[in-house]
Amino acid sequence: IENFEFFFKILNLNLNVCHSLDALCCLRVDGSMSLIHSPILPQEMADQLLHRMASQGIINDRSVGIFRSSKELRLRRASIRRCSVSDQAFQLAICPHQLMELDASWVSGGLTGADVISGLASNPACRSSLQRLSLNGLRLGWESLEKVGVVHFSSLQGLRMLNLANTDLSDAVLEDICTLPHLESLDISCSAVSNVNALLECKNTLKSLTAHRLGQLDMSPARLLFVFNQLHALRHLDFSEDHFSVDDSDGKDADETVRQLLEGSPQMLPSLVSLDISGRKKISEASIRAFLKSRSDHLTFLGLLATGLSSCDVLSSLNNLKVTGEADENQVCEALKRYRDRECFIREALVHLYNLTTDTDKPKPDMLKLVVQSMQSHPASLHVHLVATACVFNLTNQDVSQALPVSLLTSTIMQLLDAMIAFPHHQQVQKNCLLTLCSDYILQDVPFDKYLATVLVINWLSRHEDPTLQRMAVAIISILVAKLSREETTQLSKDINIMKQLLAIVQQRAMIGVADSTLKFALSALWNLTDEVPAAARNFIQCRGLELYEEVLESYYTEPSIQQKVLGLLNNIAEEEEFQADLMEEDLLEHVLHLLQDSHLDVGVRYFAGGILAHIASRSEAWTLDQELLRTIEKQLVSVGKDTFKCRKMLFFFSLSERVFFFLFFLIIYSMWASPFWRFQTICCRHILIQSLWANSISI
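Here the structure is a predicted model, which means the values were calculated and not measured.

**A few points about the overall build of the protein**
Here comes step 1: In terms of regular secondary structure, the protein is built from 34 helices and 12 strands.
Here comes step 2: Of all 700 residues assigned to the protein, the portion counted as buried reaches 52%.

**Observations concerning helix H19 (residues 450–461)**
Here comes step 1: Compared with the 16 Å implied by 1.5 Å per residue over 12 residues, the 16 Å span of H19 between its first and last C-alpha is a close match.
Here comes step 2: When we look at burial in H19, the residues that qualify are Lys-450, Ala-453, Thr-454, Leu-456, Val-457, Ile-458, Trp-460 and Leu-461.
Here comes step 3: The inward-facing, buried residues of H19 contact helix H16 (406–422), helix H17 (427–437), helix H18 (440–445), helix H20 (467–483), helix H21 (486–493) and helix H22 (496–511).
Here comes step 4: The distance from a side-chain oxygen at the start of H19 to the backbone nitrogen of Tyr-451 is 3.3 Å, and the residue carrying that oxygen is Asp-449.

**Let's talk about the packing of aromatic side chains**
Here comes step 1: Scanning all chains against the criterion turns up 5 aromatic pairs.
Here comes step 2: A ring pair is formed by Trp-527 and Phe-608, whose centres lie 5.6 Å apart and whose planes are at 90°; its orientation type is edge-to-face. Here Trp-527, found in helix H23 (residues 517–529), pairs with Phe-608, found in helix H29 (residues 603–617); they are 81 residues apart in sequence, far enough to count as distant. For the pair Trp-527 and Phe-608, one class covers both residues: buried.
Here comes step 3: A centroid spacing of 6.0 Å and a plane angle of 55° characterise the contact between Tyr-607 and Phe-608, whose relative ring orientation is tilted.
Here comes step 4: Each residue in the set Trp-527, Tyr-607 and Phe-608 is aromatic and connected to the rest through ring pairs, giving one cluster.

**Describing the nonpolar core**
Here comes step 1: The biggest cluster of nonpolar side chains holds 117 residues, and the ones touching the most others in it are Leu-350, Phe-448, Leu-567 and Leu-570.
Here comes step 2: The greatest single-element share of this core, amounting to 9 residues, is contributed by H20.
Here comes step 3: If you look at the next biggest cluster of nonpolar residues, it comprises 99 residues, including Ile-80, Val-116, Val-258 and Leu-299.

**As for the packing of helix H15 (residues 382–395) against H17**
Here comes step 1: Relative orientation of the contacting elements H15 and H17 amounts to 25°, with a least axis distance of 9 Å. On the basis of their axis angle, the class for H15 and H17 is roughly parallel. The element H15 and its partner H17 pack so that their crossing is left-handed. Contacts from Leu-382, His-385, Leu-386, Thr-389, Ala-390, Val-392 and Phe-393 in H15 reach Gln-428, Val-429, Asn-432, Cys-433, Leu-435 and Thr-436 in H17.
Here comes step 2: Split into classes, the residues belonging to the contact of H15 with H17 amount to 8 nonpolar, 5 polar and no charged.

**Details of the environment of Arg-223**
Here comes step 1: Structurally, Arg-223 is set in helix H9 (residues 221–230).
Here comes step 2: Taking C-alpha positions, Arg-223 is 8.6 Å from Asn-197, a pair spaced 26 residues apart along the chain.
Here comes step 3: Residue contacts for Arg-223: discarding those within four places in its chain leaves Asn-197 and Leu-200.
Here comes step 4: A polar contact is formed between the side chain of Arg-223 and the side chain of Asn-197, at a distance of 2.9 Å.

**A closer look at the side chain of Asn-397**
Here comes step 1: On the secondary structure map, Asn-397 appears in the loop between H15 and H16.
Here comes step 2: From its side chain, Asn-397 meets the backbone oxygen of Asn-394 in a polar contact 3.1 Å long.

**So, the pattern of salt bridges**
Here comes step 1: For the structure on display, the rule yields 20 salt bridges.
Here comes step 2: Notably, a salt bridge pairs Glu-329 with Lys-364, separated by 2.6 Å at the nearest N-O pair. Linking Glu-329 in helix H12 (residues 329–338) with Lys-364 in the loop between helix H13 (343–356) and helix H14 (365–377), this pair joins segments that are 35 residues apart in sequence.
Here comes step 3: Each of the salt bridges in this network shares a partner with another, and the network as a whole consists of Arg-81, Asp-103 and Asp-341.

**Observations concerning the sheet that holds strand S10 (residues 274–276)**
Here comes step 1: Strand order in the open sheet formed by 10 strands is S3-S4-S5-S6-S7-S8-S9-S10-S11-S12, with parallel pairing between adjacent strands. The open sheet terminates on both sides in strands that have one partner only, identified here as strand S3 (77–79) and strand S12 (322–324). On average, each strand axis in the sheet is tilted by 5° relative to the strand beside it, whichever way the strands run.
Here comes step 2: Where strand S9 (residues 236–238) lies against S10, 3 bridges are found, and the strand directions are parallel. Counted as the bridge partner of Leu-237 is Leu-275 from S10.
Here comes step 3: Sheet strands touched by H12: strand S11 (301–303) and S12. Its angle to S12, the strand with the most contacts, is close to 80°.

**Notes on the environment of Thr-324**
Here comes step 1: Positionally, Thr-324 belongs in strand S12.
Here comes step 2: With a relative accessible area of 0%, Thr-324 lands in the buried category.
Here comes step 3: Not counting residues within four places of it along the chain, the set of residues in contact with Thr-324 comprises Ser-278, Phe-301, Leu-302, Gly-303, Leu-304, Leu-305, Ser-310, Gln-331, Glu-334, Ala-335, Arg-338 and Tyr-339.

**Some words on unusual backbone geometry**
Here comes step 1: The phi torsion at Trp-106 lies on the positive side, around 55°, for a residue other than glycine.
Here comes step 2: Among the structural elements, Trp-106 can be located in the loop between strand S4 (101–103) and helix H5 (113–121).
Here comes step 3: Note on Trp-106: relative accessible area 30%, which makes it partly exposed.
Here comes step 4: Despite not being glycine, Cys-190 has its phi angle at roughly 55°, a positive value.
Here comes step 5: Residue placement: Cys-190 occurs in the loop between strand S7 (185–187) and strand S8 (208–210).

**Here's the deal with the side chain of Asp-187**
Here comes step 1: Within the secondary structure layout, Asp-187 lies in strand S7.
Here comes step 2: Buried charge Asp-187 goes without a salt bridge, the closest partner of opposite sign being Arg-342 at 5.0 Å.
Here comes step 3: In this structure the side chain of Asp-187 is engaged in a polar contact, spanning 2.7 Å, whose partner is the side chain of Ser-189.
Here comes step 4: Other than its neighbours up to four places away in sequence, Asp-187 contacts Leu-162, Asn-163, Leu-164, Ala-165 and Thr-210.

Analysis parameters
- Residues numbered from 1 in each chain as written.
- Predicted model: local features only at pLDDT ≥ 70, side-chain atom pairs only at ≥ 80, totals over all residues.
- Heavy atoms only, no water.
- Helix = DSSP H or I, 4+ residues; strand = E, 2+ residues; numbered from the N terminus.
- Buried < 20%, exposed > 50% of the residue type's maximum accessible area, 1.4 Å probe, protein only.
- Expected span 1.5 Å × (residues − 1).
- Contact = heavy atoms within 4.5 Å.
- Polar contact = N/O pair within 3.5 Å; in protein donor to acceptor, adjacent residues only side chain to side chain.
- Phe/Tyr/Trp six-rings, centres within 6.5 Å; stacked < 30°, edge-to-face > 60°.
- Core = buried A, V, L, I, M, F, W, Y, C linked by side-chain atoms within 4.5 Å.
- Axes fitted to C-alpha atoms, helices over the stretch in contact; angles between N-to-C directions.
- Parallel < 35°, antiparallel > 145°, perpendicular 65-115°, else oblique.
- Left-handed = near helix turned anticlockwise from the far one by under 90°.
- Nonpolar A, V, L, I, M, F, W, Y, C, P; charged D, E, K, R; others polar.
- Salt bridge = Lys/Arg side-chain N within 4 Å of Asp/Glu carboxyl O.
- Pairing = 2+ DSSP bridges.
- Lys, Arg positive; Asp, Glu negative; His and termini not counted.

Pasting the structure below:
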C-alpha cells in the first residue's frame, strides 16, 4: 500500500520520477534497475509511469529495466518516444507485455524497426493484441530480417494503425503491410516509396492515408487517381508537400493529381471527410471552390497551409470546417496541432503566429502551449527555435504573463533554457530567450532551474558586448543570483571567470563615468554573489576587486545607490575574518570613515560604512594599522550610535526588533554593528510613513 501511494504521488503530483526510482530500486547484475518491492499496479498507472519517464528523458537501458516485472507493471499503451534504448533492453523490458499500442518513434540507441517487429512477434499475445504501432523516424533495417527470413509486419495481425513516416520504407515492405487484414490507418510520409499500387490490397479497410512528401513517387496522375478511386473506405487523405524543399519543376504529376481530385466527381473517394493538400502552391482557388461546392456537406477538415488559399472567402461560411492555414489565429493553431512532427509546416505556422501576436494584450495559454510543444518536437531545428522563441516573447510579455498558469510558464522557461543550450552561438535565439527572461514576475515568482539559467546567461554574457543585451543579461543575473541557495551560490563561485566578467563590466562602466542600470545591476549581482560565500569573496580579492571598488567609491561620491551596493559587498568581505586583513588599507578605511562621518550622506550609505568599520575594529588584536586610526574609528562609531537614538529617521532604517537590539550598542558596539541586520537595503524617508510606523514601535 505504501509503494502504491508513493507511485500515485509520483504520477499525479509531478514529482521527480528519477530520484524516486533511485530510492525504490536496486540494480541487477547487468546494471538495469529493478523495483525492490512493487504491488500489482493498475495497468493505466504503469502506462502513465512509462510515458512520464519517457517525456522527462530518463528512459534508457538502465531505467527501463523496472518494466521487466510484467506482472506488477503491466503495460498496454507503451511509449519510448525519443528515448535511448537498445535492442536487448527493448526485448527484455517491453516485448513481454501484451501491448495494444507502442510508440517507438525517433528512438536512439541502435534499435531498428526490424528489431521492434521481431521482438513483438516473439510474444504470441502481441501478434493479435497490438493495434497501434508508430516507428516514425526509425531506421527499419529490414535487410537483417530478410537474411534470416523470420517475420514481417504481416506477423502482427491485429495492427490497425501503422506510422512509418521518415523511414526507409520500400515498395516491397509496403506490399507486405497492405496484407494486414484490419489495417485502417497508414502513414508513409517522407519514405522511399515509389509505387502505391499495394494500397489496393487494403482498399476495403483503409480509412486514413497520410502520404506527405513522397519525393520518390513515380506514378502518373491517372494511375494515382485510379488507386485513390478504389479506396472506398478512405475518410482522411493527406497528400501534402514540403514547400521548402520543392522547386517549380518538381511535383508536377502530384499537383495535377490533386487538381483532378479537387475538380472531379464526389463519387471519387465518396467517404472522404478530411483532405490535406498543404504545401501545394500550384493549386488554384477555382479548384478549391469546386471541391467545397461538391463536398461541403460532409467535409470536416481541409489542410491549406502554405498554399496561399486559406483566405478564400468561401471558407468563412463553413463554420464546421477546420482549416490549417495562415488567415487567422484559429487556422495557425490548427496547423500547430496537426503538424507537430513536420518541421516545414511548423516553421510556416510559427512565422504567421508571430505576426499575429506582435501586439497581443490578452493571455493565450493554449497558444503558448502549442509553441512550446513545437520546440519540444524539433529540439535540433534552428529554424523552429528562431521563430518559436520570438513567439514566446510575444505571448509572455509583462502585461499578460501574470495571467498565465504558473506551471505553463515553468515549462516554457525550461524550454527556453534548452534552446540556449542547443544554440549557444546563435545571437538572435539567445536574445529572444533573454527578452522573455527579463521579466520581474518570471524571475521572482515563477519556479524554474535558476542555477542553470544563471550559468547560461553568464556564459552568454562572456561572449557578447552589445550594450543593450549586456544590460539585459546583467539585470537577469543580479536577480537570479539572489534566488540561489547557498550551495548553488558556492558552486557558482568556483568559476573565477564569473567574477572576472562582472568586475569587467563594473570597470567598463566606471571608466566612462556612467551611473546606468548596467553598472547598478552588476554591483547588485556581485553583492549577492559574495553574501556569506567565502569562495566568492576570495575570487573578488584575487581579481583585484578591492582596488576597483575603492575607485568606484571615490568616483561616485554623489550616487548613494551605487555607494550602498559597493559598501554592501565590502561588508560581506569584512564579515569573513580570513579576509579582514585584505581590508587593512589605510586609504580605504579613511574613506569609509569619512562616509560614516558625513551627516549629509544617505543614511543607508552611512550605515553600511559603519558596518564595515565595526567588523574591522571589533578585532583589535588583528589591527595592523596606526592605532590612532583605530581609536578614531571607535570614537566615531560610538558617536554615531548615540546620534542614532536621537534621530528617528536614522533609527527607522531598522526594524522593530533591530531597534531593541540596537540598545545593546553601548555594551557590544562592534558585535552589534557587524550583525546580519545590515542587509536591509530599502530606506523609507517619507515623514508621514515614519511617524505612522514609529507610533507603533516601542520607546527606548
